[in-house]
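Descriptive analysis of the structure
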Amino acid sequence: MRFRQRFYLGEVLIGLGITAAHFFANLGRHTARHVFRSKRARGAVTFQYPEERRPYSPRLRSLHRLVRREDGSPRCVACMMCETVCPAHCIYIVAAEHPNPEIEKYPERFDIDLGKCVFCGYCVEACPEDAIRMDTGILEFSSYSRRGMIYAKETLLALEPAGPDGNPRSPIPIPADRVPSP
Amino acid sequence: MSATLTDLGIAFGRVAFVMLFVLNMGGLLTWVERKQSAVMQDRIGANRASIFGLRLFGLFHPLADAIKMLTKEDFLPARADRSLFTLAPLVSLVCALVAFAAIPFGDVLRVGAREVPLQAVTLNAGILYVFAMLSLGVYGVMMAGWASANNYALLGGQRAAALMISAEVAIGASIMGVAMVYGSLDMMEIIRGQGRPLFGWLAWIPAWGIVTQPLAFILFLTAGIAATKRIPFDLPEGESEIIGYFVEYSGMKFGMFMMADFVETVVIAGMTTALFLGGWQVPYLAADGFSFPWGATAPLAHLTVVTLQVLAFCLKVSLMCWFLMLVRWTLPRFRYDQAMRLGWLGLFPLSILNVAVTGLVLLAWRAP
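Observations concerning the overall build of chain A
Assigned secondary structure in chain A consists of four helices and five strands. Reading chain A from its N terminus to its C terminus gives the helix and strand order α-β-α-β-β-α-β-β-α. The buried share among the 182 residues of chain A stands at 20%.

In structure tokens form, the structure reads like this:
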């Protein structure tokens, strides 16, 4: 410590000056926001989460969705690439014969156990048909049971990609067993 | 008969004002602590508690806290000393609460033929009383540490005792300078003395304690912050290592310890105001109205003057509370040995030096 610092007082006053400057600057911004209805003044760098979401990056890996064909059926051809590459073994596919002879197979079942998923994104990279993506922007999936963390084909097919601001456009899928708080 | 009743009523009113002021300030400080720290740190702060959708910037959070603490389990450790364990938070809180009684919040109020000093109790050694009550508060903390039958609590209690002693010595010694300058231990007299102008060409400055005793002001404030046991001197609590003397407390008993800390903050703010910031004095306001040093006067009614004085006192105490909060949310904690060194090798010798220098100056002043 330098001689000046050994007395604390000067350094303490400098520190108090910094925090007091933050206090008054932010207080002014809060006043502008609440009293003068200024839209631009933000007295805080934080987000009021449930009401206000921070913009997500477009690269964010969020809840999976299955891409649809024009007729609404899954684009997936049940090639098992994603199931094979998945390091967490969280994808379970049951393949079935597709009625259209030009398409070989389709997934009769396509379950993702989100309780196991590590969100590595390998399934998206491995897919030769661009049939699975992780761009819904949905991060709030929770359940009171392990069973509820397993998302089935129908749920995943219904999801929409996130909007341009990264926020989800489709409602957050709520598992059937996720009862409202007890 | 009716005269006695009126006296009783007046006494009750004086006590009630101080009590309500201190308790409300203490409760409000829990909100101020959250909001001020948030604004200082570019955050929003607690704002979720609402009544019928009305949030009022989180003003309901103290209420929600109180309800939460009252409905929580009142836990008693198996080997704890039941009576001491229950008594400790009471001692802590009551000593902090009654300390404010000797601090005047206004000059004498004349109602008809009566003269009511605006102070909960009129004491001719008010300073010593506040000082004594603040020191007694440490008994609650030590009792809590001892009665909990928990080594961490005991360690916290011992740390609290060591810290309080090193802080109280410095507080007492730094107050001595003020008492010497104004020649009294009565807080009312000290505040009246602070209304007088300074000497010579500085006569436009009122002789507040911060002007006549600047070193004592700094020493008193530092030791006072230490006496409140809050950051940067929260080593009795040490929340990141030992939790401290109230580690076994839950529910409202813990709430009382927390409340005692906030009330002590208000008391230190009140004492600083009374001793160094002119108490209820408004600059240039005499008993009959304003009289400015450049000759202008503005006569005011007695009641207006008293109201202004009480408002000035409340404002000064609030500002001091704000400043103490600023300190609390700016500085990191002192290590135990650093706090001891600061108290015994820094504050105490300096306050003794302050007393000696003040004595010499006063002697030279009054000699001719």
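From this point, the narrative continues.
What to know about the overall build of chain B
A tally of helices and strands in chain B yields 11 helices and five strands. The C-alpha atoms of chain B give a radius of gyration of 22 Å, which matches the 21 Å a tight globule of 368 residues would have. Projected onto its principal axes, the C-alpha positions of chain B cover 70 × 55 × 50 Å. Relative to its 368 residues, chain B shows a buried fraction of 44%. Across chain B, every contact between residues at least 6 apart in sequence was considered, and the portion connecting residues at least 24 apart equals 76%.

Details of the nonpolar core
Core analysis: the biggest nonpolar cluster contains 93 residues, and Val263(B) and Val266(B) have the highest contact counts within it. Counting residues per element, this core draws most heavily on helix 9 (residues 251-276) of chain B, which supplies 14 residues. Filtering out sequence-adjacent residues up to four positions away, Val266(B) remains in contact with Val22(B), Met25(B), Gly26(B), Leu29(B), Phe100(B), Val317(B) and Cys321(B). Cys76(A), Cys90(A), Ile112(A) and Tyr151(A) belong to the second largest nonpolar core, which has 21 residues in total.

Focus: the pairing of strand 2 (residues 114-117) of chain B
Pairing geometry for strand 1 (residues 108-111) of chain B and strand 2 of chain B, over four bridges, is antiparallel. Within strand 2 of chain B, the residue paired with Arg110(B) across the bridge is Glu115(B).

Notes on the sheet that holds strand 3 (residues 105-113) of chain A
All names here are of chain A. Read across the open sheet, the three strands follow the order 2-3-5; overall the sheet is antiparallel. The outermost strands of the open sheet, each flanked by one partner alone, are strand 2 (91-97) and strand 5 (150-151). Here seven bridges tie strand 2 to strand 3, and the two strands are oriented antiparallel to one another. Note on strand 3: the bridge partner recorded for Ala 95 is Pro 107.

Topic: the environment of Arg33(A)
Residues and elements named next belong to chain A. Position of Arg 33 among the secondary structure elements: in helix 1 (residues 9-34). Assessed through the 16 C-beta atoms surrounding it within 10 Å, Arg 33 is described here as partly exposed. When the C-alpha positions of Arg 33 and Leu 156 are compared, they lie 41 Å apart, and in sequence the two are 123 residues distant. Excluding anything up to four places from it in sequence, Arg 33 contacts Ser 38, Ala 41 and Gly 43.

Observations concerning the packing of helix 1 of chain A against helix 1 (residues 2-40) of chain B
Look at helix 1 of chain A against helix 1 of chain B: their axes get within 7 Å of each other, and the N-to-C directions meet at 95°. As far as their axial angle goes, helix 1 of chain B and helix 1 of chain A are roughly perpendicular. Along its contact with helix 1 of chain A, which presents Thr19(A), His22(A), Phe23(A), Asn26(A), Leu27(A) and His30(A), the element helix 1 of chain B presents Gln36(B), Val39(B) and Met40(B). Residue composition of the contact of helix 1 of chain A with helix 1 of chain B, by class: four nonpolar, five polar and no charged.

Quick word on the domain arrangement of chain A
Splitting chain A by domain gives domain 1 (1-46) and domain 2 (65-177). The distance between the C-alpha centroids of domain 1 of chain A and domain 2 of chain A comes to 48 Å.

Notes on the interface of chain A and chain B
At the interface, 16 residues of chain A touch 12 residues of chain B. Classifying every residue of the side of chain A that touches chain B by side-chain character gives eight nonpolar, eight polar and no charged.

Focus on the sheet that holds strand 4 (residues 289-291) of chain B
Hydrogen bonds between backbone atoms are what pair the strands of a sheet, whose relative direction is either parallel or antiparallel. Residue and element names in this part refer to chain B. Sheet architecture is open: three strands sit in the order 3-4-5, paired in antiparallel fashion. On the outer flanks of this sheet lie strand 3 (285-286) and strand 5 (297-299), each paired with one strand and no other. Relative to strand 4, strand 3 runs antiparallel, the two sharing two bridges. Across the sheet, Leu 285 pairs through a bridge with Phe 290, a residue of strand 4.

A few points about unusual backbone geometry
The omega torsion of the bond from Ile231(B) to Pro232(B) falls at 5°, within 30 degrees of zero and hence cis. Mapped onto the elements of the fold, Pro232(B) is located in the loop between helix 8 (214-227) and helix 9. Phi at Met80(A) is positive, roughly 70°, even though this residue is not glycine. With respect to the element layout, Met80(A) can be found in the loop between strand 1 (65-66) and helix 2 (81-85). Located in the positive-phi region is Lys229(B), a residue other than glycine, with phi close to 60°. With respect to the helices and strands, the residue Lys229(B) is situated in the loop between helix 8 and helix 9.

Re the packing of helix 8 of chain B against helix 11 (residues 336-366) of chain B
Residues and elements named next belong to chain B. Here helix 8 crosses helix 11 at 150°, and the two axes come no closer than 10 Å. Overall, the two elements helix 8 and helix 11 adopt an arrangement that is roughly antiparallel. Note on packing geometry: the crossing formed by helix 8 with helix 11 is left-handed. Listed contacts from helix 11 to Leu 215, Ala 216, Leu 219, Thr 222, Ala 223 and Ala 226 of helix 8 are Ala 339, Gly 343, Leu 347, Leu 350, Ser 351 and Asn 354. Residue classes in the contact of helix 8 with helix 11 are distributed as eight nonpolar, four polar and no charged.

Remarks on helix 11 of chain B
Residue and element names in this part refer to chain B. Between the first and last C-alpha of helix 11 there are 43 Å, a value that for 31 residues agrees with the 45 Å anticipated at 1.5 Å per step. Buried within helix 11 are the following residues: Ala 339, Leu 342, Gly 343, Gly 346, Leu 347, Phe 348, Ser 351, Asn 354 and Thr 358. Summarising the contacts, the buried residues of helix 11 are in contact with helix 5 (151-182) and helix 8.

The rules behind the values
Residues numbered from 1 in each chain as written. Chains lettered and ligands numbered in written order. Predicted model: local features only at pLDDT ≥ 70, side-chain atom pairs only at ≥ 80, totals over all residues. Helix = DSSP H or I, 4+ residues; strand = E, 2+ residues; numbered from the N terminus. Buried ≥ 20, exposed ≤ 12 C-beta atoms within 10 Å, placed from the backbone. Rg over C-alpha atoms; globule rule 2.2 N^0.38 Å. Contact = placed C-beta atoms within 7 Å. Core = buried A, V, L, I, M, F, W, Y, C linked by C-beta atoms within 7 Å. Pairing = 2+ DSSP bridges. Axes fitted to C-alpha atoms, helices over the stretch in contact; angles between N-to-C directions. Parallel < 35°, antiparallel > 145°, perpendicular 65-115°, else oblique. Nonpolar A, V, L, I, M, F, W, Y, C, P; charged D, E, K, R; others polar. Domains from an automatic or database assignment. Left-handed = near helix turned anticlockwise from the far one by under 90°. Expected span 1.5 Å × (residues − 1).

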